[in-house]
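# Architecture at a glance
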Amino acid sequence: MDRRRLLALTAGSLAATALPAWAAPELSPLPGAPPPIGEAERRARLAKAQRLMREQGLSALLVEPGASLVYFTGVRWGRSERLTAAVIPVEGDILVVTPFFEEPSVRETLAVPAELRTWEEHEDPLALVAGWLRERKLDAGAIGVEETVRFFAIDGLRAHLPGATVRSGAGVVRGCRMIKSPAEIALMQHAANITVAAYRHTVPRIERGMTPGDIGAIMNGATRALGGSPEFALILLGEASAYPHGSGKPQAVRDGEVVLMDCGCTYQGYQSDISRTLVFGDPTKRQRTVWDQMRKGQQIAFEAAQLGVEAGKVDDAVRAYYASLGYGPDYRLPGTSHRTGHGIGMDGHEPINFVRGERTRLAPGMCLSNEPGIYIPGEFGIRLEDCLYITEQGPRWFSQPPDSIDRPV
């Protein structure tokens with residue numbers, strides 16, 4: 001073959017197989033990954049739910065697809081107009097109802113003993129649920145529904161069980177999911193480790209003129225290479241960083257301007273949520289001052305989050321400090337326009353929150369974000385976000401906050 005033709009063909013082949021700009025071939029999945037949640041732990045979850053149901057006077061609990069269905073049963077399924085749901089009775093194995101043609105797929109992820117009952121397209125699945133409850137004489141008691149269950153399911157259940165009480169079962173679900181086990185915390189720690197490693201890969205690669213999409217693509221590419229599933233990569237540049245969830249205006253990296261990154265991933269169903277703020281180039285004195293103030297606010301929140309403390313008191317402590325600096329008061333700007341933090345686990349936002357008036361006392365196994373950002377409209381915002389978990393000895397970080405605007409990751 002002609003040498004020049006061979007070189008041309010080789011060059012064309014390389015161009016066709018070139019990796020995208022966000023790919024990270026030098027990265028590989030982080031070592032030390034913990035195992036997924038096993039059947040024994042899911043059985044323990046169901047046992048705890050049944051204990052809470054007895055304490056709260058519920059005879060059964062209806063759960064639709066979503067994090068709670070995965071939590072209790074392992075079933076990973078999407079919501080549609082065709083109902084798939086689980087019913088947890090106060091005693092015995094659970095019921096799973098699903099369309100007939102979906103049964104094989106639902107069984108693939110079912111991880112606990114259960115009775116499966118299917119319904120055909122012309123049938124009402126809530127009639128199936130009601131019949132099962134009557135068979136077990138559970139319809140005479142109160143039927144709980146997980147707090148995200150849709151109205152049509154609640155309405156159908158009431159229609160088929162006119163003598164039964166149907167009410168919220170949030171107390172049962174929250175009583176289980178708010179308290180993470182050591183296995184869950186290990187999965188969340190690994191997710192956080194992936195996100196931190198992705199930041200370390202991404203931040204040095206930020207260049208002048210990049211858009212939020214450019215930076216987000218690098219971050220998400222690194223997250224995938226490290227073994228996580230990207231959940232979000234919110235990138236706020238310049239003035240957009242003054243608005244917690246950003247702006248639709250065109251943005252690009254410029255010298256001396258703030259780059260705020262809020263990113264997270266999922267690993268084996270458990271999430272991370274970490275924010276970092278840096279300046280492209282040399283920070284101004286004002287940017288340094290606000291960054292240091294926000295970092296101290298985050299530390300004040302961490303130190304306030306002690307075992308047995310009402311969660312709302314953590315938010316109060318930060319706002320008192322910010323008010324002493326002239327921010328606020330309350331949610332007014334410049335200052336912090338949102339709560340200090342939110343619960344996290346299988347969902348990125350779960351009960352409870354670090355917010356004024358939250359009376360729930362912090363207990364071992366609770367996991368929350370800590371992110372009391374400072375926002376100055378028209379200028380910039382600073383947000384550092386790291387999640388923590390409560391132990392018998394006090395709070396512990398999933399990710400260690402940075403100590404300087406010069407070392408943001």
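That block above? That's the structure.
Description of the structure in this document. Being a predicted model, the structure only gives us computed values, none of them experimental.

### Notes on the sheet that holds strand 6 (residues 165-168)
Whenever strands of a sheet pair, they do so through backbone hydrogen bonds, lying parallel or antiparallel. Judged by pairing direction, the sheet is mixed, and its six strands sit side by side in the order 4-3-2-1-5-6 without closing on themselves. Edge strands, defined here as strands with exactly one partner in the open sheet, are strand 4 (114-119) and strand 6. Across the sheet, the mean angle separating the axes of adjacent strands is 25° when strand polarity is ignored. Taken together, the four bridges between strand 5 (residues 142-145) and strand 6 define a ladder with parallel strand orientation. Among the inter-strand pairings, Gly144 is bridged to a residue of strand 6, identified as Arg167. Against the sheet, helix 5 (residues 125-135) engages strand 1 (58-63), strand 2 (85-89), strand 3 (94-99), strand 4 and strand 5, with an angle of about 140° to strand 4.

### With respect to the packing of helix 10 (residues 285-304) against helix 11 (residues 311-324)
Between helix 10 and helix 11, the shortest axis-to-axis distance is 8 Å and the interhelical angle comes to 150°. Of the two elements, helix 10 crosses helix 11, and the hand of that crossing is right-handed. Across from Gln293, Met294, Lys296, Gly297, Ile300, Ala301 and Ala304 in helix 10, the residues of helix 11 making contact are Val314, Ala317, Val318, Tyr321 and Tyr322. The residue makeup of the contact of helix 10 with helix 11, split by class, is nine nonpolar, two polar and one charged.

### Thoughts on the environment of Ala40
The topology assignment puts Ala40 in helix 2 (residues 39-56). Judged by relative accessible area, which is 60%, Ala40 ranks as exposed. When the C-alpha atoms of Ala40 and Ala242 are compared, they prove to be 46 Å apart, with 202 residues separating the residues in sequence.

### Observations concerning the side chain of Glu371
Here Glu371 lies in the loop between strand 13 (367-370) and strand 14 (374-376). At 2.9 Å, the side chain of Glu371 forms a polar contact with the side chain of Ser369. When residues no more than four places from it in sequence are discounted, the contact partners of Glu371 are Met294, His338, Arg339, Thr340, Gly341, His342, Arg383, Leu384 and Glu385.

### Digging into the packing of helix 5 against helix 6 (residues 151-160)
Taken N-terminus to C-terminus, the directions of helix 5 and helix 6 make an angle of 50°; their axes are 9 Å apart at the nearest point. Comparing their axes, helix 6 and helix 5 come out oblique. Here the hand of the crossing between helix 5 and helix 6 comes out right-handed. Contacts between helix 5 and helix 6 involve Leu126, Ala127, Val129, Ala130, Leu133 and Arg134 from the first element and Ala153, Gly156, Leu157 and His160 from the second. Its residues assigned to classes, the contact of helix 5 with helix 6 comprises seven nonpolar, two polar and one charged.

### Considering unusual backbone geometry
The peptide bond linking Leu333 to Pro334 adopts the cis configuration, its omega dihedral lying at -5°. Positive phi is not limited to glycine here, since Lys137 has a value of about 55°. Its location among the elements puts Lys137 in the loop between helix 5 and strand 5. Notably, Asp330 is not glycine yet its phi reads approximately 55°, a positive angle. Relative to the helices and strands, Asp330 is located in the loop between helix 11 and strand 11 (341-343).

### Some words on the pattern of salt bridges
Evaluation of the coordinates by the stated rule reveals 29 salt bridges. Between Glu135 and Arg136 there is a salt bridge, and its shortest N-O distance comes to 3.2 Å. Measuring nitrogen to oxygen at the nearest pair gives 2.8 Å for the salt bridge that ties Glu379 to Arg286. Taken together, the positions of Glu379 in the loop between strand 14 and strand 15 (380-382) and Arg286 in helix 10 put the pair 93 residues apart, joining distant regions of the chain.

### Examining helix 10
The end-to-end C-alpha distance of helix 10, which contains 20 residues, comes to 29 Å, matching closely the 28 Å that a straight helix rising 1.5 Å per residue would cover. Among the residues of helix 10, Gln287, Val290, Trp291, Gln293, Met294, Arg295, Gly297, Gln298, Ala301, Phe302 and Ala304 are the ones counted as buried.

### With respect to the packing of aromatic side chains
One pair of aromatic rings is described through two measures. These are the centre distance and the angle between the planes. Across all of its chains, the model carries five aromatic pairs by this definition. Each ring, one from Phe302 and one from Trp397, has its centre 4.3 Å from the other, and the planes form 10°; the classification is stacked. With Phe302 in helix 10 and Trp397 in strand 17 (residues 394-397), this pair connects stretches of sequence that are 95 residues apart. For the pair Phe302 and Trp397, one class covers both residues: buried. Look at Tyr322 and Tyr327: their rings are 6.1 Å apart centre to centre, the planes differ by 75°, and that puts the pair in the edge-to-face class. For Tyr322, a relative accessible area of 3% gives the class buried. Grouping aromatic residues by their ring pairs yields a cluster made of Tyr321, Tyr322 and Tyr327.

### Quick look at the nonpolar core
With 85 residues, the main nonpolar core has Leu133, Leu157, Ile215 and Met261 as its most contacted residues. With ten residues, the top contributor of residues to this core is helix 8 (residues 182-202). Among all residues touching Met261, those that are not within four sequence positions of it are Tyr199, Thr202, Val203, Ile206, Ile215, Met219, Leu234, Ile235, Ile274, Ser275 and Arg276. Grouped together as the second largest cluster of nonpolar side chains are 33 residues, Val258, Phe302, Ile374 and Trp397 included.

### Digging into the pairing of strand 4
The pairing of strand 3 with strand 4 spans six bridges and is parallel. Residue Ile94 lies in a different strand from strand 4, and its bridge partner there is Ala114. Tracing the backbone out of strand 3, into helix 4 (residues 103-109) and back to the parallel element strand 4 gives a crossover that is right-handed.

What counts and what doesn't
- Residues numbered from 1 in each chain as written.
- Predicted model: local features only at pLDDT ≥ 70, side-chain atom pairs only at ≥ 80, totals over all residues.
- Heavy atoms only, no water.
- Pairing = 2+ DSSP bridges.
- Helix = DSSP H or I, 4+ residues; strand = E, 2+ residues; numbered from the N terminus.
- Axes fitted to C-alpha atoms, helices over the stretch in contact; angles between N-to-C directions.
- Contact = heavy atoms within 4.5 Å.
- Left-handed = near helix turned anticlockwise from the far one by under 90°.
- Nonpolar A, V, L, I, M, F, W, Y, C, P; charged D, E, K, R; others polar.
- Buried < 20%, exposed > 50% of the residue type's maximum accessible area, 1.4 Å probe, protein only.
- Polar contact = N/O pair within 3.5 Å; in protein donor to acceptor, adjacent residues only side chain to side chain.
- Parallel < 35°, antiparallel > 145°, perpendicular 65-115°, else oblique.
- Salt bridge = Lys/Arg side-chain N within 4 Å of Asp/Glu carboxyl O.
- Expected span 1.5 Å × (residues − 1).
- Phe/Tyr/Trp six-rings, centres within 6.5 Å; stacked < 30°, edge-to-face > 60°.
- Core = buried A, V, L, I, M, F, W, Y, C linked by side-chain atoms within 4.5 Å.
- Right-handed = clockwise from strand over helix to strand, strands pointing away.

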